[in-house]
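# Observations on chain architecture
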Amino acid sequence: MNLTVYLLRDVVSELGQLQRKEGYRELKPNEALPFPCVAWVQASRSTPPKWMPWLGTAFDLEDLRLKNQSNAFVMFLQVDGRVFALTFGFGLGAIDRKLIEPDFGLKVVLNEVDPDALDMVDTRRVDRVSRQRRTHLNAGRNVGEFDISTELDWLQKVSGRPLSTALTKKMVGADSLKLSMKCTVEELGAHCQTFLTQYRKTQYKKHFGFIDYLRPLKARNPLIPVLEEHLVGLLKDRSHEELAVAFPEMPDERITRWRLSQGHQSQEFEDLDIEGVYDFLEAHPEIQRDPQKIRVRGLNDDGEVLTSNDNLHRYLVAQVEHARATYVLSLGQWFRVDTDYISKVRERVRQIADVTAKLQLPKWSQTFKKEGAYNKHVGKTKNWLVLDAKPFYPDGHTGKMEVCDLLSPNRDFIHVKSMKDSATLSHLFGQGSVSARLFRSVPAHADKVRKFFHDHYGSAKDFDGMKGSPRVVYAIATRKQGALADTLFFFSVVNLLEHVKTVRLAGFDVALCRIER
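Anyway, here's the lowdown on the structure attached to this text. Everything numeric here is computed off the predicted structure, so don't read it as measured data.

### Quick look at the overall build of the chain
Per the secondary structure count, the chain includes 13 helices and 27 strands. Expressed along its principal axes, the backbone C-alpha trace of the chain runs to roughly 90 × 60 × 45 Å. Here the chain, with 517 residues, has 51% of them falling under the buried criterion. Here the analysis covers contacts within the chain between residues at least 6 apart in sequence; of these, 67% occur between residues at least 24 apart. Charge separation in the chain, taken as the distance between the mean sites of 75 positive and 67 negative side-chain charges, equals 4 Å.

Next comes the structure, spelled out in structure tokens:
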């Protein structure tokens, strides 16, 4: 039998605490089972596909009686003071997602799996522009084969072969545990006890200890209401630096539009992003700004809902600084970011050369309303080559790209941005890594850049005759005092490190430069 198993948080210890959702009917087992349990079931109405009227103009479909139908069943078991939920069909929709123990299945699998027999990994990158990736390998491998940065990627889902195959030959773990096994309904209680024991182990720390960089806050933690107030404040302020939208799981490719709703108010968008959220809130000022009361639905062309019964809270990624600690909201769960993890990430940024004193870029005063005006000023003041807004079209690259904003006589490829928000910095870091990679991989493009360099600086400067490597410099204008390694937004820090790796692989050095604002 294919089983999908969830563990509910310890705030629910008895079946009597569960509140059945509207539309579900309660079922009792035919005969007493060796464990307390209750089941809810919902038989959905049959409806004709929404594409029928359109195709019906060319084909006779009425006699076929085509119908869409879905059913939902969830079984709750009480074992050792904890409550498990086994879902079938669309049964997940019956569970309050806030009650699901995060990473239950993930920890069970990582405790039991052969560390050299993983075959699928889902990761999510820490960044405002969250990158989600699923990697399949046709044979079991260790985690190092999946090109995961253990400091930048959060492990969200894994599958592999367990060390012992007596129970099952494959396990898939995320919040849920999925596995195929031979068992009867009467044996489910004993198996759930086994799963609970496996969840409580700490064996995973030997090979997968990096998953503890994020520590989930318990449901009763008094900090959660405080963090939720911060979150509502970010929504009201239309924050782009500390708030973004990221999908809880890989979106179904059949989804063609997204619907945000609260009560009778709703609005549909082709894409789901934070701008759409802000547009929805602005268009409906009467609704509550509580993201847990705003529903999110992914729809196909027929108007069928293809996503779980989730609220906006589960789609938001946020960072909140409170009482000298960093907290992150992800998948509807608040995490405290491990202090050692933060220190390690920022220390890696401190190891990047800081050339602020050496370059001595002028202050970005209020005179310069736009980045282009500032770059022209620097170019004129220092007699540097200005390549800002000068498009290049390298072979094999889709569309235009900018080499850099300023190219110094010492071959510093300087990329300039003001620290307005994390999205702006993400663009800056990406611009530098793409430029470095294309310079090394497209000779004709590199020759064109060299020609601009020699035309501006003359024969006294030989691009290829200089000692050392050319350098990508990220020049960031900010009013914040202190080194950039300590003042950059946390999401930006981890994003920077990823692009630095790409730049160095292209044969460039990397440096940071602070511009006073």
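### Focus: the packing of helix 2 (residues 104–112) against helix 3 (residues 188–200)
Where helix 2 contacts helix 3, the axes come no closer than 8 Å and their chain directions differ by 80°. Considered as vectors, helix 2 and helix 3 are oriented roughly perpendicular to each other. Facing helix 2, whose interface residues are Phe104, Lys107, Val108, Asn111 and Glu112, helix 3 presents Phe195, Gln198 and Tyr199. For the contact of helix 2 with helix 3, the class distribution of residues is 4 nonpolar, 2 polar and 2 charged.

### Topic: the pattern of salt bridges
Scanning the model with the defined rule gives 27 salt bridges in all. Between Arg82 and Glu101 there is a salt bridge, with the nearest N and O atoms lying 2.9 Å from each other. Here Arg82, found in strand 5 (residues 82–89), pairs with Glu101, found in the loop between strand 5 and helix 2; they are 19 residues apart in sequence, far enough to count as distant. According to the relative accessible area criterion, Arg82 is buried, its value standing at 11%. Ionic pairing is found between Asp310 and Arg97, a salt bridge with its closest N-O pair at 3.1 Å.

### A look at the packing of aromatic side chains
Under the counting rule described, the total for this entry stands at 19 aromatic pairs. Relative to Phe463, the ring of Phe413 lies with its centre 6.3 Å away and its plane at 90°, an arrangement referred to as edge-to-face. Highlighted residues: Phe413 in strand 25 (residues 412–418) and Phe463 in the loop between helix 11 (443–457) and strand 26 (471–478), separated in sequence by 50 residues. You can call Phe413 buried: its relative accessible area is 1%. Three or more aromatic residues joined by ring pairs form one cluster here, namely Phe413, Phe439, Phe453, Tyr457, Phe463 and Phe508. We note Arg411 situated over the ring of Phe463; from NZ or CZ to the ring centre the distance is 5.5 Å.

### Considering the pairing of strand 27 (residues 509–516)
Within strand 27, 6 of the 8 residues are buried, which leaves it mostly tucked inside the rest of the structure. In this sheet, strand 27 lies alongside strand 26 in parallel orientation, the contact comprising 8 bridges. When the sheet's bridge partners are listed, Arg471 is paired in strand 27 with Asp509.

### Comments concerning the side chain of Ser159
For Ser159, the position within the fold is in strand 8 (residues 153–162). At a separation of 2.3 Å, a polar atom in the side chain of Ser159 contacts the side chain of Asp119. Ignoring any residue separated from it by four or fewer positions in sequence, one finds Ser159 in contact with Ala117, Leu118, Asp119, Met120, Lys170, Met171 and Val172.

### Some remarks on the state of the cysteines
Under the counting rule described, the total for this entry stands at 0 disulfides. Of all cysteine sulfurs in the structure, the one in Cys183 sits closest to Cys192, which takes part in no disulfide; the separation is 9.1 Å. Of the residues examined, Cys192 reaches a relative accessible area of 1% and is grouped as buried. With no disulfide of its own, Cys404 has Cys513 as its nearest cysteine by sulfur position, at a separation of 14 Å.

### Side note on the pairing of strand 8
Most of strand 8 is tucked away, with 8 of its 10 residues classed as buried. Where strand 8 lies against strand 9 (residues 171–173), 3 bridges are found, and the strand directions are antiparallel. Looking across to strand 9, one finds that Ser159 is bridged to Val172.

### Regarding the sheet that holds strand 12 (residues 243–245)
Pairing within the open sheet is antiparallel, and its 5 strands lie in the order 11-19-18-17-12. Where the open sheet ends on each side, the last strands, each with one partner, are strand 11 (214–216) and strand 12. Each adjacent strand pair in this sheet contributes to an overall mean axis angle of 25°, direction not counted. As judged from the 4 bridges shared by strand 18 (residues 325–330) and strand 19 (residues 333–337), these two strands associate in the antiparallel manner.

### Let's talk about the sheet that holds strand 13 (residues 257–262)
As summarised here, the arrangement of the 4 strands in space is 14-13-15-16, forming an open sheet in which the pairing is antiparallel. Edge positions in the sheet fall to strand 14 (265–269) and strand 16 (310–311), since each has one partner strand and no second. Summarising the sheet, strand 15 (residues 295–299) and strand 16 pair through 2 bridges and their orientation is antiparallel. Within the sheet, the bridge partner assigned to Val296 lies in strand 16 and is Asp310.

### Considerations on unusual backbone geometry
In this structure, Asn383 is a non-glycine residue whose phi angle is positive, near 60°. Along the chain, Asn383 turns up in the loop between helix 9 (371–382) and strand 21 (385–386).

### Overview of the environment of Ala460
In this structure, Ala460 sits in the loop between helix 11 and strand 26. Sequence-wise, Ala460 and Pro409 are 51 residues apart; in three dimensions their C-alpha atoms are separated by 9.9 Å.

So, how was this worked out
Residues numbered from 1 in each chain as written. Predicted model: local features only at pLDDT ≥ 70, side-chain atom pairs only at ≥ 80, totals over all residues. Heavy atoms only, no water. Helix = DSSP H or I, 4+ residues; strand = E, 2+ residues; numbered from the N terminus. Buried < 20%, exposed > 50% of the residue type's maximum accessible area, 1.4 Å probe, protein only. Contact = heavy atoms within 4.5 Å. Lys, Arg positive; Asp, Glu negative; His and termini not counted. Charge placed at Lys NZ, Arg CZ, Asp CG, Glu CD. Axes fitted to C-alpha atoms, helices over the stretch in contact; angles between N-to-C directions. Parallel < 35°, antiparallel > 145°, perpendicular 65-115°, else oblique. Nonpolar A, V, L, I, M, F, W, Y, C, P; charged D, E, K, R; others polar. Salt bridge = Lys/Arg side-chain N within 4 Å of Asp/Glu carboxyl O. Phe/Tyr/Trp six-rings, centres within 6.5 Å; stacked < 30°, edge-to-face > 60°. Lys NZ or Arg CZ within 6 Å of the ring centre and 35° of its normal. Pairing = 2+ DSSP bridges. Polar contact = N/O pair within 3.5 Å; in protein donor to acceptor, adjacent residues only side chain to side chain. Disulfide = S-S within 2.5 Å.

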